[in-house]
Amino acid sequence: GGTIALGGYTLTVPATGTAALLATANVFEANQTISNTAPSLTLTDTTGSAKSLTIAVDANFAQLRESAGAANSLLALDLANNVASIGLVPDPTTKFYVKASGANQGAILGEAAGTGSVIAVYGYAISAATPNYALYGTASGATTNWGLYIDAGNSYLGANVGINAIGFGTSAVGVLSFGIGTP
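Let us look at the structure shown here. Just so it is clear, the structure is predicted and the values come from calculations on it, not from any experiment. (Residues numbered from 1 in each chain as written. Predicted model: local features only at pLDDT ≥ 70, side-chain atom pairs only at ≥ 80, totals over all residues. Heavy atoms only, no water.)

Helices and strands together make up the secondary structure of the protein chain, namely zero helices and 11 strands. Of the regular secondary structure in the protein chain, the N- to C-terminal order runs β-β-β-β-β-β-β-β-β-β-β. A total of 183 residues make up the protein chain; the buried ones form 10% of that total. Of the contacts made within the protein chain by residues no fewer than 6 positions apart, 4% connect residues no fewer than 24 positions apart. Of the roughly 14,800 Å² of accessible surface on the protein chain, 56% is carried by carbon and sulfur atoms. (Helix = DSSP H or I, 4+ residues; strand = E, 2+ residues; numbered from the N terminus. Buried < 20%, exposed > 50% of the residue type's maximum accessible area, 1.4 Å probe, protein only. Contact = heavy atoms within 4.5 Å. Areas by Shrake-Rupley, 256 points an atom, 1.4 Å probe, with all protein chains shown as cover.)

Attention now goes to the pairing of strand E5 (residues 52-58). The sheet contact formed by strand E4 (residues 40-44) and E5 spans five bridges and is antiparallel. Paired with Thr44 across the strands is Ser52, a residue of E5. Across six bridges, the pairing between E5 and strand E6 (residues 61-66) is antiparallel. Each residue of the ladder has a partner; that of Thr54, found in E6, is Arg65. Here E5 folds back onto E6, and the loop between the two strands holds two residues, one of which, Ala59, carries a positive phi near 60 degrees. (Pairing = 2+ DSSP bridges.)

This part takes up the sheet that holds E5. Read from one edge to the other, the open sheet built from six strands follows the order E4-E5-E6-E7-E8-E9, with strand pairing classed as mixed. Looking at strand neighbours, the two that pair on one side only are E4 and strand E9 (96-98), the edges of this open sheet. Averaged over all adjacent pairs, the angle separating strand axes in this sheet is 10 degrees, with direction ignored. (Axes fitted to C-alpha atoms, helices over the stretch in contact; angles between N-to-C directions.)

It is worth spelling out the packing of aromatic side chains at this point. Here the structure, examined in full by the defined rule, presents three aromatic pairs. Centre to centre, the rings of Tyr122 and Tyr124 are 6.3 Å apart; their planes meet at 20 degrees, and the pair counts as stacked. Residue class for Tyr124 comes out exposed when judged on its relative accessible area of 64%. Between Tyr133 and Tyr136, the aromatic rings sit 5.0 Å apart at their centres with planes inclined by 70 degrees, giving edge-to-face as the arrangement. A residue is classified by how much of its surface remains accessible, and Tyr133, at 43% relative accessible area, is partly exposed. (Phe/Tyr/Trp six-rings, centres within 6.5 Å; stacked < 30°, edge-to-face > 60°.)

What follows concerns the side chain of Gln63. Among the structural elements, Gln63 can be located in strand E6. Since its relative accessible area comes to 14%, Gln63 is described here as buried. Of the polar contacts made by the side chain of Gln63, one reaches the backbone nitrogen of Asn72; its length is 3.0 Å. Not counting the four nearest positions on each side in its chain, Gln63 is found in contact with Thr54, Ile55, Ala56, Ala70, Ala71, Asn72, Leu75 and Ala76. (Polar contact = N/O pair within 3.5 Å; in protein donor to acceptor, adjacent residues only side chain to side chain.)

Here the residue pair Thr130 and Pro131 is connected by a cis peptide bond, since its omega of 0 degrees sits within 30 degrees of zero. Position of Pro131 among the secondary structure elements: in the loop between E9 and strand E10 (161-162). Positive phi values are uncommon outside glycine, yet Ala59 reaches one of about 60 degrees. Position of Ala59 relative to the elements: it lies in the loop between E5 and E6. In the Ramachandran plot, Asn72 falls in the positive-phi region, its phi being about 65 degrees despite a non-glycine side chain. As for its position among the elements, Asn72 is in the loop between E6 and strand E7 (75-78).

Right, let's get into the side chain of Thr54. With respect to the helices, strands and loops of the structure, Thr54 is situated in strand E5. One polar contact links Thr54 to Thr42, side chain to side chain, over a distance of 3.4 Å. Side-chain polar atoms of Thr54 contact the side chain of Ser67, separated by 2.6 Å. The residues touching Thr54, leaving out its near neighbours within four places in the chain, are Leu41, Thr42, Gln63, Leu64, Arg65 and Ser67.

What follows is the structure, given as structure tokens:
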């Protein structure tokens, strides 16, 4: 091994033959590429309680995760299908998938604040196929399961409401018609 110092940089070649460039800061003026069968980059914060970030690519998947965390625990990308997920392996049939596990966790929170009218969560479904769903949900596994729960505020439905029916008017309860107009 040996050491060479030049212009504020130190090149150290230990007995293992691995070279490391050490300095107060490294400035790259060109794109950097890491080539490997499963390349990764770890950004380590050396302060006492800090976390580290690992960016890893393997086959068609890339992930960003806390270095001590499990694979796909933070952000995962399916590069072949152009989809992303948080908390699990990406599902190629869903462009963005979020999974929360554990007690008292929510998967997605939308908040909008402003001086005018705001919308926190908005869904839009467009297709020639039938049916289309702008909002679709399932709740199961507990003693009480709410498919839709509005905690506060008025609710406005701008069209017919089907109760226990896929095609409106096909169930025993049928279609409830409400006044349609501006809430």
